[in-house]
Amino acid sequence: MKDIAPAISFPAGLGENKPENQAVLDWVREVELLARPDNIFWCDGSARENEFLLDQACRQNVLIKLNEKKVPRSYLHRSNPNDVARVEQFTFICTPTKEEAGPTNNWSDPAKTYSKLQGLLKDAMRGRTMFVIPYIMGPPDSPITKVGFEITDSIYVVLSMRIMTRMGAVAIHRLGPDPKAEWNRGTHSLLDVDPARRFICHFPQDNAIISVGSGYGGNVLLSKKCLALRIGSYLARKQGWMAEHMLILGVESPTGRKHYVAAAFPSACGKTNFAMLIPPRHFKGWKVTTVGDDIAWMQIRDGRIYAVNPENGYFGVVPGTSYRSNPNAMKSIAHDSLYTNVALTDDGDVWWEGKNPDGSGPPHALDWRARDWTPDSNEKAAHPNSRFTTPMRNNPALDPDVEKGDGVPISAIIFGGRRSDTLPLVFQAFDWEHGVYLGSTMASETTAAATGAIGQVRRDPMAMLPFCGYNIGNYFRHWLNIGKRLTNPPLIFNVNWFRKGVHGQFLWPGFGDNMRVLKWIVARCEGSGGAVKSPTGWLPALNDLDLEELEVEHKCIVELLGIDHKEWQREVAEHKKFFDSLGGVVPEELLKQREELEARFKI
Ligand code: GTP
Ligand code: SPV
Ligand code: MN
């Protein structure tokens, strides 16, 4: 299977959706003169166009059509084995000064970077088709919605962007003819998919992104991490809103009271699963609905935070997804979906580790690299970062207000990471400023979502370490300033689904049972849930959590809620090390929070 494919020819009436905005036309012409594609396909996002491009992608061996009876209208894509995840070491923020990018980003000089990328893009699309994708991020009638255009020479990117964004006429309409209107210019080329020529570059001042040398996920679906988070966070600070790596869910109690909650967990740490949670049997009458599974754009109105999901689909982790762990995801990806880097069974179905709750699997399959695989194989059939791309409308638990332009009011913000020790199952910040401190010092074990070592604890403030498009110190300051504008601030919590016992096993069952934690959070928002004060924040006492029908040993729960002073002293020292490593950009308030935390452990 291929990423790079030759130019396609297309019939009249397709590929002709040119906008009237001169600024867009000029930019496309400029890239055309540089990259020299054989032809240009202006996408309109229609069903007819999609059918045509799917058919072309199959002919070009970019996609394999799956068994129509097993997974209707769905396709498999295999990326280059050297190109299976985000590449943080090749991701750059190109601001005029290094200081604007800050201590946590790779910086490179804009003029030099443009010139290097132009060199790489020269003639890069010869023999290929250049697609132009108009799209919007956010509901069509939202004041917060942004317009983007992505140029790409990958048909897989076009087909993915049609699922992940609202694409076509809606964007051209939103942009209008004004050549000064705000829109993002995203340029992507596969080049030759060589890691030595792979760069994901952001120019926040120009609202521009250039990505070369990759064909995978967040590196190339420029709407997602590049626009909605890196450029988005930069615009958000300038314009007084927030762009965050957060899921958004609705939770309704049996009495019909509904709250919305936003949660920031790092990549592959449970956002999609939490956003699609199905409460255990005991929680009759409770309902969880999904607004978004990865990104939240939040505004302040009347002293409250309101959030929209800027995306239109889910690009979710496949391994571990089953009818036991996440039935809503399984139903979502049962049709009209793209699969990337999973295994292909002999009957044209897809398979991955953890698909069947009983641990079973096919006797033979082709693994994610198209090599023969049997249950005796030493390697995984699906890549650990294999992903589904599926329209959010496939989700049976989609929230009815997902299209609401004003967004949904947020009652609670949750931070969480993958921590085998130290961090309890859940606790609540004393106030907004303390909550910002919890977010700014959160840490998580690294996962397969980015290339590099897996399982190493690293600080990942607000789950934004790889996604904050400017100086992290100013980002913390922005969070503190937002708090000052709120008269009805969300309560802030920290959760950890991943604490392990002495034998290395997870102490908490997670998934649907996370409802038990969510119920306590909602109770705290309503002023009814009990808690005890600890040095780290408000902790639920054992009987504050609804543990009815939970088959977990009492001593595990005690361990999950425990605060080990030795471990925490080490943790607070790590906070200091992290703040020190940022070289003086951390706001005074947060340094003070750290000292107070340290002092609380000494008493
Ligand atoms: P990105 O799309 O990379 O941002 O990831 P995400 O935060 O949406 O993570 P996702 O929900 O896809 O989960 C990632 C992995 O964590 C999967 O392998 C899940 O099976 C696993 N996981 C999710 N929730 C839980 C949980 O509550 N407990 C445990 N033990 N594992 C979980
Ligand atoms: C993440 O890594 O946080 C993702 C996947 O959501 S990607 O779109 O590849 O960034
Ligand atoms: Mn993510």
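Scroll up to find the structure this text is about.
Asks: For the nonpolar core, give the residues involved together with the corresponding values.
Replies: Where a protein is soluble and globular, its nonpolar side chains tend to be buried together. Ile410, Ile413 and Trp479 are the most contacted members of the largest nonpolar core, which totals 115 residues. Every residue in contact with isoleucine 410, bar those within four places of it in the chain, is listed here: Ile248, Tyr260, Val261, Ala262, Met298, Arg304, Ile305, Ala307 and Pro490. Formed by 35 residues, the second largest nonpolar core is a distinct cluster that contains Ile414, Trp497, Trp508 and Cys556.

Asks: Talk me through the site of ligand 2; I want residue IDs and the actual numbers.
Replies: All residues adjacent to ligand 2 are Arg86, Gly217, Gly218, Lys224, Lys225, His245, Ser267, Asp294, Phe315, Arg387, Ala449 and Phe467. In the model, an oxygen atom of ligand 2 is placed 2.5 Å from a nitrogen or oxygen of the lysine 225 side chain. Between ligand 2 and serine 267 there is a distance of 2.5 Å, counted from an oxygen atom to a side-chain nitrogen or oxygen. Coverage of ligand 2 by the protein amounts to 98% of the 280 Å² it exposes when considered alone.

Asks: I'd like a description of the side chain of histidine 383, backed by residues and values.
Replies: Assignment of secondary structure puts histidine 383 in the loop between strand S23 (372–373) and strand S24 (387–391). Note on histidine 383: relative accessible area 12%, which makes it buried. Side-chain polar atoms of histidine 383 contact the backbone nitrogen of asparagine 385, separated by 2.8 Å. With sequence-adjacent residues up to four places away left out, histidine 383 is seen in contact with Val84, Pro319, Asn341 and Trp368.

Asks: Would you mind going over the packing of helix H14 (residues 565–581) against helix H15 (residues 588–602) in detail, with residue names and values included?
Replies: Running from N to C, H14 and H15 point in directions that differ by 160°, and their axes come no closer than 10 Å. As judged from the angle between their axes, H14 and H15 are roughly antiparallel. Of the two elements, H14 crosses H15, and the hand of that crossing is left-handed. In this structure, H14 uses His565, Trp568, Gln569, Val572, His575, Lys576 and Phe579 to contact H15, whose residues at the interface are Leu590, Leu591, Arg594, Leu597, Glu598 and Phe601. Each residue belonging to the contact of H14 with H15 can be placed in one class, and the counts come to 7 nonpolar, 3 polar and 3 charged.

Asks: Lay out the site of ligand 1 with the relevant residues and their values.
Replies: Surrounding ligand 1, one finds 21 residues, the nearest of these being Ala268, Lys271, Thr272, Asn273 and Arg387. One nitrogen or oxygen atom from the side chain of arginine 418 is found 3.2 Å from an oxygen atom belonging to ligand 1. For ligand 1, whose unbound accessible area comes to 660 Å², protein coverage reaches 90%. Elements represented by at least two residues in the shell around ligand 1 include exactly helix H8 (271–275) and strand S18 (313–317). The biggest single contributor to the shell around ligand 1 is H8, with 3 residues. Here the residues of the shell around ligand 1 sort into 10 nonpolar, 7 polar and 4 charged.

Asks: Which residues make up the coordination of the manganese ion (ligand 3), and what values do they have?
Replies: Protein ligation of the manganese ion (ligand 3) involves Lys225 (NZ), His245 (NE2) and Asp294 (OD), the donor distances falling in the range 2.2 to 2.4 Å. If you look at the manganese ion (ligand 3), its 6 donor atoms make angles of 66 to 174° with each other, and the shape they trace is octahedral. Counting along the primary sequence, the residues that act as donors to the manganese ion (ligand 3) give the motif K-x19-H-x48-D. On the criterion of sequence distance, the pair formed by histidine 245 in the loop between strand S12 (242–244) and strand S13 (247–252) and aspartate 294 in the loop between strand S15 (287–292) and strand S16 (296–301) is long-range, its members being 49 residues apart. A single burial state applies to histidine 245 and to aspartate 294, both of which are buried.

Asks: Let's hear about the sheet that holds strand S2 (residues 64–65): which residues, and what values?
Replies: Spatial ordering of the open sheet is given by S2-S3-S19-S24-S18, a layout of 5 strands whose pairing is mixed. In the strand order of this sheet, the two ends are held by S2 and S18, each with one partner. In terms of strand pairing, strand S19 (residues 338–340) meets S24 through 3 bridges, oriented antiparallel. Paired with threonine 340 across the strands is arginine 387, a residue of S24.

Asks: Summarise unusual backbone geometry; cite the residues concerned and give the values.
Replies: Here the phi dihedral of arginine 73 falls at roughly 50°; this positive angle occurs in a residue that is not glycine. Residue arginine 73 is classed as partly exposed on the basis of its relative accessible area, which comes to 45%. Phi is positive for asparagine 341, which is not a glycine, with a value near 65°. Mapped onto the elements of the fold, asparagine 341 is located in the loop between S19 and strand S20 (343–345). A residue is classified by how much of its surface remains accessible, and asparagine 341, at 0% relative accessible area, is buried.

The rules behind the values
- Residues numbered from 1 in each chain as written.
- Chains lettered and ligands numbered in written order.
- Predicted model: local features only at pLDDT ≥ 70, side-chain atom pairs only at ≥ 80, totals over all residues.
- Heavy atoms only, no water.
- Core = buried A, V, L, I, M, F, W, Y, C linked by side-chain atoms within 4.5 Å.
- Buried < 20%, exposed > 50% of the residue type's maximum accessible area, 1.4 Å probe, protein only.
- Contact = heavy atoms within 4.5 Å.
- Near = heavy atom within 4 Å.
- Polar contact = N/O pair within 3.5 Å; in protein donor to acceptor, adjacent residues only side chain to side chain.
- Areas by Shrake-Rupley, 256 points an atom, 1.4 Å probe, with all protein chains shown as cover.
- Helix = DSSP H or I, 4+ residues; strand = E, 2+ residues; numbered from the N terminus.
- Axes fitted to C-alpha atoms, helices over the stretch in contact; angles between N-to-C directions.
- Parallel < 35°, antiparallel > 145°, perpendicular 65-115°, else oblique.
- Left-handed = near helix turned anticlockwise from the far one by under 90°.
- Nonpolar A, V, L, I, M, F, W, Y, C, P; charged D, E, K, R; others polar.
- Donors = N, O, S within 2.8 Å, 3.2 Å for Na, K, Ca; no water.
- Tetrahedral: all angles 85-135°; square planar, octahedral: opposite > 155°, others 65-115°.
- Pairing = 2+ DSSP bridges.

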